[in-house]
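Working through the structure, step by step
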Amino acid sequence: MSDQPHSRPPEAVLATHQSSPAGLTADEAGERLAASGRNEVTGAGGRTPRAILLAQFDSVLIWVLLAAALLSAVAGHAVDAVLIVVIVAVNGVFGFVQDYRAERSLESLRRLTAPTAVVRRDGEATAVDAAELVVGDVIELGSGAVVPADGRVIESVDLEVDEAALTGESAPVAKSPEPVDADAPLAERESMVFGGTSVTRGRGVAVVTATGMDSEVGSIARELAATEETETPLQSELDQLGRRLGLGVSVLAALVVPLLVARDTPLVESGLTAVSLAVAAIPEGLPAVVTLTLALGVRRMAAENALVRRLPAVEALGSVSVVCTDKTGTLTEGRMTVSRAWTHDETTDLRAVGAPNGGEQVDGNRTVGGPADGGRTLDGTAAAEGVGEEASPDRLSLLLRAGSLCNDATAEAGDPTERALVDAAATRGIDVDALREANPRTDEVPFSSERKWMGTAHGDVGYVKGAPAVVLEMSDRILAADGPTELTQEAADAVRERVGTFADDALRVLAVAYTDDTETLGEGLVFVGLVGLIDPPRAEVADALAATERAGIDVKMITGDNVRTAAAVAGSLGMDRTVVEGRELDRLDDAALAERVEAVDVFARTSPQHKVRILRALQRNGHVVAMTGDGVNDAPALKSADIGVSMGVRGTDVAKQASDVVLLDDNYATIELAIERGRAIFDNIWKFVAFLLSANVAEVALVFLASLYGYLVLPAVQLLWINLLTDGLPALALGADPQSGDVMERSPRDPETGVIDRPMALFVGGAGTVSTALMLGLLWYALDGAAAVTPYAMTLVFTTFVFLEFEKLYVVRWLRGTPTLSNPWLALAVGGSAALQLAVLYTPLNRYFGTVPLAVGDWALVGAILFAALPLYGAVAAAVRRSTDW
């Protein structure tokens, strides 16, 4: 892009690019196309499907699981080996599907560019493939067109462009050839148009200043391609767990085999013991349980308007400590609304008006003209003399009717400001379609950015709306309660004061007037009143913000809108009104910014680069950040965030595919609910990880300590069976546990601690010690002095261990505050697993597991062990609860 084209006169920009208002010749355009390349957003740096697939298996825990499968196969347990491989494969395929969809972000960026463009070549306007545009081309823009490249405006007639997807500006931006300040932020460069935005009104001519990857959209594509997705806390913790398990298994095998061989244990038996230790150390079902629990969370959240695209994001939501949210459509309703109206000495809050109130349905016979102008009936005929004075309509009704007639929009389409006027009239009971049918437009003066007003004639009555200062200057009377009176200096000052009051509340202010002389719409007007418009805050957002604050989560508003609007919306939602503008961010280095982001909650006039800088500053400060966005400009920040949240209604495809979560209703309150669900899901993950690891610790300790005395207890097949029963249905059923009532009263968890935090380590160590001590005691009792482990002793230890795990399951739930009988699925899972355990004792399956049937007296012993274990497990859990703030 040339040096600051927005701040230079159009002639200078044309000269810089060796062009003219007539455009380039076809030969010049061809030469430049060959030199600079096509006007396309390229996808350099994207991952291939093969790379995405291989990345799913680039996890230490996956490697350890595959090693367990290999060890199981070597030990002769092919079925177990196959099951582990299937679990790994299913997880890999699911992850591939999710990540492949995310990589389509760049493809959506390509689709944003216009397929064709009207360009002046050889002095004539012609339609060409937009990809063939070059710098120096002169393009023509009309209403509804997609801007094909970045360009400097050289001509404009009422040109307005919707740049919300690029800059976050909620209202269409009027464009003009006039230069702007060199340091003007992107949203205030009225002299520029940008590729991928759309023309909402008027027409214009621009000289292309940047194409393809050099355009604003191209720079976002480059940044998006270079942005690496962040790992969620759960992903990091599972990888760390895998490394620890892999190291532990290697160390144990290296210790056990030489020790056993030194004690004259046969090498084969020593190897089998090492295999048993490896199998015991690995929670084979952990990935499957995590995946299913997250999938259940995804299903629940989808029903609550939060669509999760990456499974680990569900759990990561529970770690969020800062939410960076857009303003337009997320905190606000995303549509312009008439908030207040003012007629001489009277202000009406139209947001408080629900059903028709004071306004009457238009039936074709009520007057709509000024009170003293003889009026005009809705069927277009002149009213009888004096009717306007005797039956003068309510001034507010007149204000809204005039705003609806001097208007090109409908309730479904058109300029957002004009649509808001139509909606306001309909809310007051005015049938706008009938009104327009009865009062056809006979003449008009279209709006222009130079005039700043629009006028329409309807027979012998004319209406004008526009900038208050301009309409006031064209008026010589003002409509008071008893009819039109002279517009004195005092009355004019009252209007200006009210305009200032509305503007201080971030309202966009329009003035409305009428005249009975349609030959001169621009003078001699009767000033009717003012309307103040705003994109209002959503009703439910204030409560949602309060809930997130109670949960220890900071909320930052980052918007492309102006400072005044941002401050007003923030204040109405109970946020601090202090605002930092994008220009100030540019003057801060990274250290100063890291300090500033902690003290300020509202940022205005921000660019895509500002959003990413704010995000990274918060992350360097140790925060887990959820970032919302809907536009192309938000994609890099969404992809860099710990949790990217896009808008499902207003969001672009680029934003959705770069995000982790899509809000189907574009509502901040849904973010708060999603965080609540994320915390509840983390609770469930914590419970079954604690449950599984405490079992694995006990298994490893039991096998290792027994092996030191020459006993091979719990061979690999039995350990795998225990892991199947405990890692299977019961652990899966934990994923359906209801949330505890205090999840949003806690502070965000520290992502540095991960899932395996100090409370879990205490519980795993304590409960594992209890299980190991009880099982060693039982083994000593069952052996009764035997030199080798008998099938009876092995069966007794094997069965008691399984039922101890079922008991411990309910202790873990109590530890996290889950009511005992709140999950019927868990009771069914425990019952089903118990039945399976009985099957390997009392059916022919027992020969595959090396077990024997237990007698009634043996079950009494099992019951005694369970009875003794319960208070011991409870004591461990109670000690853990006392050491935390749960």
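Scope of this entry: the structure provided in the associated data block. Since the structure is predicted, the reported quantities are computational estimates derived from the model, not experimental observations.

Some words on the overall build of the chain
- When its secondary structure is counted, the chain shows 33 helices and 24 strands.
- The buried share of the chain, taken over its 886 residues, is 56%.
- In the chain, the share of contacts with a sequence separation of at least 24, taken over all contacts with a separation of at least 6, comes to 72%.
- Per element, the accessible surface of the chain, about 34700 Å² overall, is 56% carbon and sulfur.

Considerations on helix α31 (residues 824-842)
- Its 19 residues place the ends of α31 27 Å apart at the C-alpha level, agreeing with the 27 Å of an ideal helix rising 1.5 Å per residue.
- Listed in full, the buried residues belonging to α31 are Leu826, Ala829, Val830, Ser833, Ala834, Gln837, Val840 and Leu841. Down the axis of α31, the buried set is contained in an arc of 130°. They therefore lie on one face. Pointing more than 90 degrees away from the buried face of α31 are the exposed residues Pro824, Trp825 and Leu828.

Observations regarding the pairing of strand β14 (residues 461-466)
- Extensive coverage of β14 is indicated by the burial of six of its six residues.
- Residues Val461, Tyr463 and Lys465 of β14 are buried on one face, and the alternating residues Gly462, Val464 and Gly466, pointing to the opposite face, are buried as well.
- Pairing of strand β13 (residues 453-458) with β14, which is carried by six bridges, proceeds in the antiparallel orientation. Looking at β14, one finds that Thr456 is bridged to Tyr463.
- Following β13, the chain reverses through two residues before pairing antiparallel with β14; Gly459 in that reversal takes a positive phi of roughly 70°.

Let's talk about the pattern of salt bridges
- The final tally for this structure, using the stated rule, is 30 salt bridges.
- Residue Glu188 is joined to Arg605 by a salt bridge in which the shortest nitrogen-to-oxygen separation is 2.5 Å. One end of the pair, Glu188, is in the loop between β5 (173-174) and β6 (192-193); the other, Arg605, is in the loop between β21 (602-604) and α23 (608-620), with 417 residues separating them in the sequence.
- Given a relative accessible area of 10%, Arg605 falls into the buried group.
- Its salt-bridge partner being Lys611, residue Asp634 comes within 2.2 Å of it at the nearest N-O pair. Placement of the pair is Asp634 in the loop between β22 (625-629) and α24 (635-640) and Lys611 in helix α23, with a sequence separation of 23 residues. For the pair shown, Asp634 and Lys611 are each scored as buried.
- Through salt bridges with shared partners, one network takes in Glu160, Arg201, Glu418 and Lys465.

Regarding the environment of Val876
- Along the chain, the position of Val876 falls in helix α33 (residues 856-882).
- Residue classification places Val876 among the buried residues on the basis of a relative accessible area of 15%.

Brief notes about the packing of helix α29 (residues 758-783) against helix α30 (residues 791-815)
- Two elements in contact, α29 and α30, have axes separated by 10 Å at closest approach and are oriented at 155°. The angle between α29 and α30 falls in the class roughly antiparallel. Pair α29 / α30 crosses with right-handed handedness. Each of Phe763, Ala767, Ser771, Met775, Leu778, Leu779, Ala782 and Leu783 in α29 lies in contact with α30, whose residues at this interface are Tyr792, Ala793, Leu796, Val797, Thr800, Phe801, Leu804, Glu805, Lys808, Val811, Val812 and Leu815.
- Looking at the contact of α29 with α30 residue by residue, the class counts come to 16 nonpolar, two polar and two charged.

Structural notes on the packing of aromatic side chains
- Within the structure shown, the criterion is met by three aromatic pairs.
- Between Trp721 and Phe849, the aromatic rings sit 5.0 Å apart at their centres with planes inclined by 65°, giving edge-to-face as the arrangement. On the criterion of sequence distance, the pair formed by Trp721 in helix α27 (residues 716-727) and Phe849 in helix α32 (residues 846-849) is long-range, its members being 128 residues apart.
- Judged by centre distance (5.7 Å) and plane angle (90°), the ring pair of Phe803 and Trp859 falls under edge-to-face. Placement of the pair is Phe803 in helix α30 and Trp859 in helix α33, with a sequence separation of 56 residues.
- Judged by relative accessible area, Phe803 falls into the buried class, the value being 18%.
- An aromatic cluster is built from Phe803, Phe806 and Trp859, whose rings are joined through pairwise contacts.
- The ring of Trp686 carries the charged tip of Arg816 above its face, separated from the ring centre by 4.7 Å.
- The ring of Trp814 has Arg881 lying over it, and the distance from NZ or CZ to the ring centre is 4.8 Å.

Looking at a negative patch on the surface
- Residues Asp27, Glu28, Glu31, Asp122 and Glu124 make up a contiguous surface patch of negative charge.
- Its location among the elements puts Glu124 in strand β2 (residues 124-129).

Re the sheet that holds strand β9 (residues 322-325)
- The mixed open sheet is built from eight strands, whose spatial order is β8-β24-β23-β22-β9-β19-β21-β20. The open sheet has two edge strands with one neighbour each: β8 (306-308) and β20 (579-581). For this sheet, the mean angle separating the axes of adjacent strands, direction not counted, is 20°.
- Note that strand β23 (residues 643-647) and strand β24 (residues 661-663) share three bridges and pair parallel. Pairing of Val645 across the sheet is with Val661, part of β24.

Let's talk about the side chain of Glu805
- Tracing the backbone through its elements, the reader meets Glu805 in helix α30.
- In this structure Glu805 comes out as buried when scored by relative accessible area, which is 1%.
- Excluding its chain neighbours within four sequence positions, the residues that come into contact with Glu805 are Phe691, Ala695, Thr726 and Ser771.

Some points on the packing of helix α26 (residues 668-708) against α30
- One way to put it is that α26 packs onto α30 with a least axis distance of 10 Å and a crossing angle of 150°. As the angle between them shows, α26 and α30 are arranged roughly antiparallel. Pair α26 / α30 crosses with right-handed handedness. Here Trp686, Lys687, Phe691, Ser694, Ala695, Ala698, Glu699 and Leu702 of α26 come into contact with α30, specifically with Val797, Phe801, Glu805, Lys808, Leu809, Val812, Arg813 and Leu815.
- For the contact of α26 with α30, a count of residues per class yields 10 nonpolar, one polar and five charged.

Notes on the nonpolar core
- Core analysis: the largest hydrophobic core is formed by 123 residues, its most contacted members being Phe688 and Phe763.
- When near neighbours in sequence (up to four residues on either side) are disregarded, Phe688 contacts Leu286, Val289, Val290, Thr293, Ala731 and Leu734.
- Within the second largest apolar cluster, 30 residues are counted, among which are Leu398, Cys406, Val512 and Leu533.

A look at the side chain of Thr795
- Structurally, Thr795 is set in helix α30.
- Thr795 gets classed as buried once you look at its relative accessible area, which sits at 0%.
- In terms of polar contacts, Thr795 uses its side chain to reach the backbone carbonyl oxygen of Pro791, at 2.7 Å.
- Non-local contacts of Thr795, meaning those with residues more than four positions away in its chain, are made with Leu841, Gly850, Thr851, Val852 and Leu854.

Digging into unusual backbone geometry
- Positive phi values are uncommon outside glycine, yet Asp122 reaches one of about 55°.
- Relative to the assigned elements, Asp122 resides in the loop between β1 (116-121) and β2.
- The backbone of Lys452 sits at a positive phi, close to 65°, despite the residue not being glycine.
- In this fold, Lys452 is placed in the loop between β12 (443-445) and β13.

Section: the environment of Ala491
- Tracing the sequence through the fold places Ala491 in helix α18 (residues 489-504).
- For Ala491, a relative accessible area of 7% corresponds to the buried category.
- Distance in space between the C-alpha atoms of Ala491 and Arg477 is 9.5 Å, their sequence separation being 14 residues.
- Excluding residues that lie within four positions of it along the chain, Ala491 makes contacts with His344 and Ile478.

Structural notes on the pairing of β9
- Along β9, one buried face is formed by Val322 and Cys324 and the opposite face, lined by Val323 and Thr325, is buried too.
- Pairing geometry for β9 and strand β19 (residues 554-558), over four bridges, is parallel. Among the inter-strand pairings, Val322 is bridged to a residue of β19, identified as Asp554.
- Taken together, the three bridges between β9 and β22 define a ladder with parallel strand orientation. Within β22, the residue paired with Val323 across the bridge is Ala626.

Rules used in this analysis
- The residue count restarts for each chain, going from 1 along the sequence in the order it is written.
- Residue-level local features of this predicted model are given only where pLDDT is at least 70; pairs of side-chain atoms are given and counted only at 80 or more, and the full residue set underlies all totals for whole chains, interfaces and linings.
- Excluding hydrogens and water, the side-chain values take into account all heavy atoms of the structure.
- Secondary structure elements follow DSSP: runs of H or I no shorter than four residues count as helices, runs of E no shorter than two count as strands, and numbering proceeds from the N terminus.
- Relative accessible area decides the class of each residue, using a 1.4 Å probe on protein chains only: under 20% of the type maximum gives buried, over 50% gives exposed, and in between gives partly exposed.
- The contact rule is simple, with two residues in contact once any of their heavy atoms fall within 4.5 Å.
- Accessible surface is estimated by sampling points in the Shrake-Rupley manner with a 1.4 Å probe; for residues, cover comes only from the protein chains shown.
- The span expected for a helix works out to 1.5 Å for each residue beyond the first.
- Read the arc as the range of directions from the helix axis to the C-beta atoms.
- A pair of strands is labelled paired if DSSP reports no fewer than 2 bridges between them.
- In what follows, salt bridge is the name for a side-chain nitrogen of Lys or Arg lying within 4 Å of a carboxyl oxygen of Asp or Glu.
- Between N-to-C directions, angles span 0 to 180 degrees; the directions come from axes that are lines fitted to C-alpha atoms, helices contributing only their stretch in contact.
- With respect to orientation, any angle under 35 degrees is reported as roughly parallel, any angle over 145 as roughly antiparallel, any angle of 65 to 115 as roughly perpendicular, and every other angle as oblique.
- Crossings are assigned a handedness: left-handed for a near helix turned anticlockwise from the far helix by less than a right angle, right-handed for a clockwise turn.
- Put simply, Ala, Val, Leu, Ile, Met, Phe, Trp, Tyr, Cys and Pro go in the nonpolar bin, Asp, Glu, Lys and Arg in the charged bin, and everything else, Gly too, in the polar bin.
- Working definition: a ring pair exists when centres of Phe, Tyr or Trp rings (six-membered ring for Trp) sit within 6.5 Å. Plane angles under 30 degrees give stacked, over 60 give edge-to-face, the rest tilted.
- The rule for a charge over a ring is simple: NZ of Lys or CZ of Arg within 6 Å of the ring centre, and within 35 degrees of the ring normal.
- Residues form patches when they are more than 30% accessible in relative terms and have no salt bridge. Like charges link within 9 Å. Nonpolar side chains (Val, Leu, Ile, Met, Phe, Trp, Tyr) link within 5 Å.
- This count recognises Lys and Arg as positive and Asp and Glu as negative, with His and chain-terminal groups excluded.
- Taken as the charge location is NZ of Lys, CZ of Arg, CG of Asp or CD of Glu.
- Throughout this description, the term nonpolar core refers to a set of buried Ala, Val, Leu, Ile, Met, Phe, Trp, Tyr and Cys residues connected via side-chain atoms within 4.5 Å.
- The term polar contact refers here to a pair of N or O atoms within 3.5 Å; inside protein, the definition further demands a hydrogen-donor-capable atom paired with an acceptor-capable atom, and it admits residues adjacent in sequence only when both atoms are side-chain atoms.

By themselves, these observations are geometric and do not establish any function.
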